[in-house]
Amino acid sequence: MTGVTHQDLDPALMRRQYRSEIVPEESLAADPMDQFARWFQQAAVAHVFEPNAMIVSTATADGRPSSRTVLLKQFDARGFVFYTHYGSRKGRELAENPHIALLFPWHPIARQVVVAGTATRVGRDETAAYFRTRPHGSQLGAWASDQSRVIASRAELDRRYAELEQRYPEGEQVPVPPEWGGFRVVPEEMEFWQGHENRLHDRLRYVRDGEKWRIERLCP
């Protein structure tokens, strides 16, 4: 780290001015999923690295939280879908507490989208249809990894994968693991955050109001 001083690494001194256009309420779509589609497309066009990467936060029944980065695989009027091992930490926590939060951190364009809602498992047919689109190696990886469980070594993980490669060579159909599948997050609130100078950011929150959505502006 030649040339980098301790002061350069002090988080309290790291500042950046965001220069963006103000987001007026009247410019927003009436439905937050439509607004998300707009911003998601803009993030992709801006070449944000993995715009579908999101921080997924879950909690145990007694409220102990945990977070990790997961890739969004589908979104539509029904909500947001991601896939995982149901025995993973997030899978176990969602089984006992379905409340969930998602955060899309699009830092290069000074935007964030925060989603709060509940998660339910998608149907096995939907899971199987998505599993078939995954690369062969990723299909084998879903079998090799007992996600979030302690494993003796990296060599043990590689051994499991090698055995699966022999059992299911390239071109042979890999069955869907019984404990692997999708969650659909149905939003109850969605906040769209746009960074601005002097920390006077736009924070526009959609709140479900019966069958419709109400838009609120929050102080930054």
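Now for a description of the structure that goes with this document. Please read these numbers as outputs of a predicted model, since none were measured by experiment. (Residues numbered from 1 in each chain as written. Predicted model: local features only at pLDDT ≥ 70, side-chain atom pairs only at ≥ 80, totals over all residues. Heavy atoms only, no water.)

Take the environment of Glu93 next. Relative to the elements of secondary structure, Glu93 occurs in helix α2 (residues 89-96). Taking C-alpha positions, Glu93 is 32 Å from Arg217, a pair spaced 124 residues apart along the chain. The residues touching Glu93, leaving out its near neighbours within four places in the chain, are Thr58, Ala59, Thr60, Arg64, Ser66 and Arg68. At a separation of 2.8 Å, a polar atom in the side chain of Glu93 contacts the side chain of Ser66. (Helix = DSSP H or I, 4+ residues; strand = E, 2+ residues; numbered from the N terminus. Contact = heavy atoms within 4.5 Å. Polar contact = N/O pair within 3.5 Å; in protein donor to acceptor, adjacent residues only side chain to side chain.)

Here we take up the side chain of Ser88. With respect to the helices and strands, the residue Ser88 is situated in the loop between β4 (79-85) and α2. When residues no more than four places from it in sequence are discounted, the contact partners of Ser88 are Gln147 and Ser148.

This part covers helix α1 (residues 32-45). In this model, α1 (14 residues) spans 20 Å end to end at C-alpha, consistent with the 20 Å of a helix rising 1.5 Å per residue. Taken together, the buried positions of α1 are Pro32, Met33, Gln35, Phe36, Trp39, Phe40 and Ala43. Along the axis of α1, the buried positions cluster into a sector of 150 degrees, meaning they face one direction only. Residues of α1 that are exposed and point more than 90 degrees away from the buried face comprise Gln41 and Val45. Capping the start of α1, Asp31 holds a side-chain oxygen 2.8 Å from the backbone nitrogen of Met33, two or three residues further along. (Expected span 1.5 Å × (residues − 1). Buried < 20%, exposed > 50% of the residue type's maximum accessible area, 1.4 Å probe, protein only. Arc of directions from axis to C-beta.)

We now examine the pairing of β4. Of all seven residues that make up β4, seven are buried, and the element is covered over most of its length. Bridging between strand β3 (residues 74-76) and β4 involves three bridges; their strand directions are antiparallel. In the strand pairing of β4, Phe75 is matched with Phe80. What sits between β3 and β4 in their antiparallel hairpin is a turn of two residues. (Pairing = 2+ DSSP bridges.)

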